[in-house]
Amino acid sequence: MKGMTVIVKTITSWVKILIFLFGIYIILFGHLTPGGGFAGGVILASSYILIMLAYGRDFVEENLSLPAASRIDCLGAFSFAMIAILGLVFGGSFFVNFLFQKYLPGQPLNLVSAGTIPLSNIAIGLKVGASLFLVIVSLSICCKDFRPGTSVNKKKE
Amino acid sequence: MIIFYCLLIFMLIAAIVAVETEKLLSSVICIGAIGFGASLMFLFLRAPDIAITQIVVEVLGLIILIRATISRDLTFITGDREFFEVVVSVVIVFVIFLAGIQVLQTLPDFGSPIFAQVADAPSNTYVSRGLGKTGAANLVTSVILDFRAYDTLGEATVLFTSIIGATVILRKKCRKKMEETTG
């Protein structure tokens, strides 16, 4: 699995950073414009999937190894739970928007506004992106090695 | 309204082709067509949040399905359908259809919000006081991450658990062990 032709590789090297930046934009502006953590995370994952399809799985595992992706996944889930628990500590109840109500109200329609909502968006974006990347890389390992019929025949020979 | 009916007919035709075709790859492509039709429908219904999520997830799911089908040797669906399974499926679909008619009659008219009928519906609070209570200009985000954040926590937990299961089952070490035991 060495990847696709040189045309696909060249266009991928131009387009991958645009897709990645668009994912970051969708996550960061999720509380102002359509989008949010889930959609942005999937776009982040899809930029890595594009690299994986064009250059092969070994190239993408050098950039973002499976343990690192697993750690990012855990970090996202942990920070989302921590935001909820910090709401319990500072605001009095689970998942309360303590930053907006007490400490950092901000102006509506600004980037820094809405309290904990952008932080939750970032956490969910990291989590969804890393986990979908993990799923597809795991499935490509499965597809590469496991074909019905072929492996069994080799063993018999 | 016409564009919704056009999209609906397009999606229905794609769904029937996806079920009836014999090639696995064309079935997967038809499933992708259904997803893109649903995304366009959300866009015309002025729900850009769901449209973005739908199209992005559809692209990723299509990539996974096409990779899974192309690398397989079994790309043709063979075998006849059994009579009993067809009867059971038709009966279940018919029951769901009747229940859907009953449910859809209680909904408000197409395009009118639900708090036009029920005054103290929770969506009334979300729309009228969402900006003041959360500060987020995007009301969908303010609902899923502030008013209904428990729901998002559950969704994230489901995703996390399923990823753990997938990586444990599909990793290289496990695959090698399985091949050793079966071979």
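Residues numbered from 1 in each chain as written. Chains lettered and ligands numbered in written order. Predicted model: local features only at pLDDT ≥ 70, side-chain atom pairs only at ≥ 80, totals over all residues. Heavy atoms only, no water.

Looking at this model, I keep getting lost on the overall build of chain B. Mind explaining?
Each helix and strand counted, chain B has 8 helices and 0 strands in total. Secondary structure elements of chain B occur, N-terminal to C-terminal, as α-α-α-α-α-α-α-α. Counting the 183 residues in chain B, one finds 22% classified as buried. Of all intrachain contacts in chain B linking residues separated by at least 6 positions in sequence, the fraction that spans at least 24 positions is 43%. Element-wise, carbon and sulfur atoms account for 71% of the exposed surface of chain B, whose accessible area totals about 12500 Å². (Helix = DSSP H or I, 4+ residues; strand = E, 2+ residues; numbered from the N terminus. Buried < 20%, exposed > 50% of the residue type's maximum accessible area, 1.4 Å probe, protein only. Contact = heavy atoms within 4.5 Å. Areas by Shrake-Rupley, 256 points an atom, 1.4 Å probe, with all protein chains shown as cover.)

Is there a simple way to explain the confidence of the model for chain A in this structure?
Close reading of the predicted structure is inappropriate where its pLDDT is low. On average, residues of chain A carry a pLDDT of 80, and 87% of them reach 70 or more. Confidence, read as mean pLDDT per element, is least for helix H7 (residues 150–156) of chain A in chain A (42) and greatest for helix H1 (residues 6–28) of chain A (90). (pLDDT = per-residue confidence, 0-100.)

What is the right way to read the side chain of Thr12(A) from this model?
All names here are of chain A. In this fold, Thr12 is placed in helix H1. Under the relative-accessibility criterion, Thr12 is labelled buried at 3%. Setting aside residues up to four positions removed in sequence, Thr12 forms contacts with Leu50, Ile51, Ala54 and Tyr55.

It is not clear to me how the nonpolar core should be interpreted in this structure. Could you clarify?
Side chains of a nonpolar character, in soluble globular proteins, are inclined to be buried together. Val42(A), Phe80(A), Leu132(A), Phe133(A) and Leu60(B) are the most contacted members of the largest nonpolar core, which totals 31 residues. Mapped by element, the contributors of at least two residues to this core are helix H2 (37–55), helix H4 (66–91) and helix H6 (117–145) of chain A together with helix H3 (48–70) and helix H7 (149–170) of chain B. If you tally residues by element for this core, the top one is H6(A), at 10 residues. Once residues lying within four places of it in the same chain are set aside, the contact partners of Phe133(A) are Ala45(A), Tyr48(A), Ile49(A), Val60(A), Leu64(A), Leu66(A) and Ala69(A). (Core = buried A, V, L, I, M, F, W, Y, C linked by side-chain atoms within 4.5 Å.)

Got a minute to help me understand the confidence of the model for chain B in this structure?
Counting all residues, the mean pLDDT for chain B is 83, and 89% of those residues have values of 70 or more. Within chain B, helix H8 (residues 172–182) of chain B has the poorest average pLDDT of any element, 68, and helix H4 (residues 83–106) of chain B the best, 91.

Looking at this structure, I do not really get the interface of chain A and chain B. What am I missing?
Reports of interface size often rely on the accessible area that becomes lost once the parts have come together. Taken residue by residue, the interface counts 52 residues in chain A and 41 residues in chain B. Both faces combined, the contact of chain A with chain B buries some 4200 Å², and carbon together with sulfur accounts for 73% of it. Connecting chain A to chain B are 0 salt bridges. Our count for the contact surface shared by chain A and chain B stands at 6 residue pairs in polar contact (both at pLDDT 80 or more). Those elements giving two or more residues to the side of chain A that touches chain B turn out to be H2, H4, H6 and H7 of chain A. No other element matches the 18 residues that H6(A) contributes to the side of chain A that touches chain B. (Buried area = accessible area lost by both parts, 1.4 Å probe. Salt bridge = Lys/Arg side-chain N within 4 Å of Asp/Glu carboxyl O. Polar contact = N/O pair within 3.5 Å; in protein donor to acceptor, adjacent residues only side chain to side chain.)

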